[in-house]
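The primary structure of each chain is shown beneath.
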Amino acid sequence: MSEKKIKKIAVLTSGGDAPGMNAAIRAVVRTCAYHNVAVLGVYRGYQGMIEEDFIELNARSVRDTINKGGTFLKSARSKDFRTKEGRQKAYENLKKHNVDALVVIGGDGSFTGALLFNEEHNFPVMGIPGTIDNDIYGTSHTLGYDTALNTAVEAIDKIRDTASSHNRMFFIEVMGRDAGFIALNTGIGGGAERILIPEEDTPIEELLQDIEEGHAKGKTSNIIVVAEGDKTGKNIFELKEYVEKKHPEYDIRVAILGHMQRGGAPSCYDRVLASRMGVKAVETLLEGKSNYMVGINNDVIDLTPLEKAIKGGSKLDMELVRVAEIMSI
């Protein structure tokens, strides 16, 4: 146990929203209630900490939230928190409200802020990974990732119906500027003929060759899933125009799924995962530990030091890349 007993915990969501954040807030609040610990909700992430935008929460405050997407505490990026003065103001506000520890739900940028806050003020912090990109080291799944996959696959299924009906080729852009987790998994799940991801440098001539080979095999429609950060050297509209010039026989369309992947009710998996992570985050703080991120690996909830979670970098499963190649034959 820590020398000082934790009597009040603050919780905030930061960075891009992700389905399951509300379920995680709910889990933090109810675990605190179970252990007779008070909870302070922080609106608008770190900016709300600086501006003292707080709300007292209890077990009843979070009813009917587990099924809702987004975050009722709102999220925002904070330039002020990047300054020492801003972090000092945030610390003073938490102490003013008798807060003893902080749970941060967000991505690696949010965790970087939490780690710095701890280093400067010796303030206990715990991280819960909430991002649809699944690009954080120390967990096989981040909150929102499973829901984003299901949303994208459902959209791809609907687009395929149109592609097949009209012998069309669709370039479908999914989120993933720096990581191809969403593109790779939804591409396989949606039966895509080709998947373009940031981790693989795919020359555009290679893509053209794949299309030509598919055409020779009798493929009359194509679904090509593109991560927004793919490295063909062209954005999705330039890609469409380039391929169209080379293959006028195809009626080519573009669909950008965009922020619809962030929204919507979280999947059952994300709701359960958020609940498990919230319990672990609070109970770890009550054990006197700090500077950890809660993750899941092999269906076991465990801890990764925040610094390692930030710097570790997540790696794509190359076996999945191989599976995608075999499935596209």
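Residues numbered from 1 in each chain as written. Predicted model: local features only at pLDDT ≥ 70, side-chain atom pairs only at ≥ 80, totals over all residues. Heavy atoms only, no water.

With that settled, consider helix α8 (residues 236–246). Every buried residue of α8 is accounted for by I236, L239 and V243. For α8, the arc enclosing every buried residue in end-on projection is 55°, short of the 170-degree limit, so these residues lie on one face. With a side-chain oxygen lying 2.9 Å from the backbone nitrogen of F237, the N-terminal cap of α8 falls on N235. (Buried < 20%, exposed > 50% of the residue type's maximum accessible area, 1.4 Å probe, protein only. Helix = DSSP H or I, 4+ residues; strand = E, 2+ residues; numbered from the N terminus. Arc of directions from axis to C-beta. Polar contact = N/O pair within 3.5 Å; in protein donor to acceptor, adjacent residues only side chain to side chain.)

Another aspect to go through is the UniProt feature "binding site: Mg(2+)" (unreviewed entry) in the chain. UniProt records the feature "binding site: Mg(2+)" (unreviewed entry) for D108 in the present numbering. Note on placement: D108 falls in helix α4 (residues 108–121). (UniProt positions renumbered as here; feature names shortened; annotations may be inferred.)

At a minimum axis separation of 10 Å, helix α6 (residues 181–189) and helix α11 (residues 318–327) run at an interaxial angle of 35°. Here the hand of the crossing between α6 and α11 comes out left-handed. Across the interface between the two elements, L184, N185 and I188 of α6 pack against L320, V321, V323 and A324 of α11. Residue composition of the contact of α6 with α11, grouped by class: 6 nonpolar, 1 polar and no charged. (Axes fitted to C-alpha atoms, helices over the stretch in contact; angles between N-to-C directions. Left-handed = near helix turned anticlockwise from the far one by under 90°. Contact = heavy atoms within 4.5 Å. Nonpolar A, V, L, I, M, F, W, Y, C, P; charged D, E, K, R; others polar.)

Taken across its 6 residues, strand β8 (residues 222–227) has 6 buried, putting it largely inside the fold. Taking every second residue as pointing to the same face, both faces of β8 are buried, with N222, I224 and V226 on one and I223, V225 and A227 on the other. Bridge count between strand β6 (residues 168–174) and β8: 6 bridges; the pairing is parallel. Directly across from F170, in β8, lies its bridge partner I223. For strand β7 (residues 194–196) and β8, the ladder comprises 3 bridges, and the chain directions are parallel. Within the sheet, the bridge partner assigned to I195 lies in β8 and is V225. (Pairing = 2+ DSSP bridges.)

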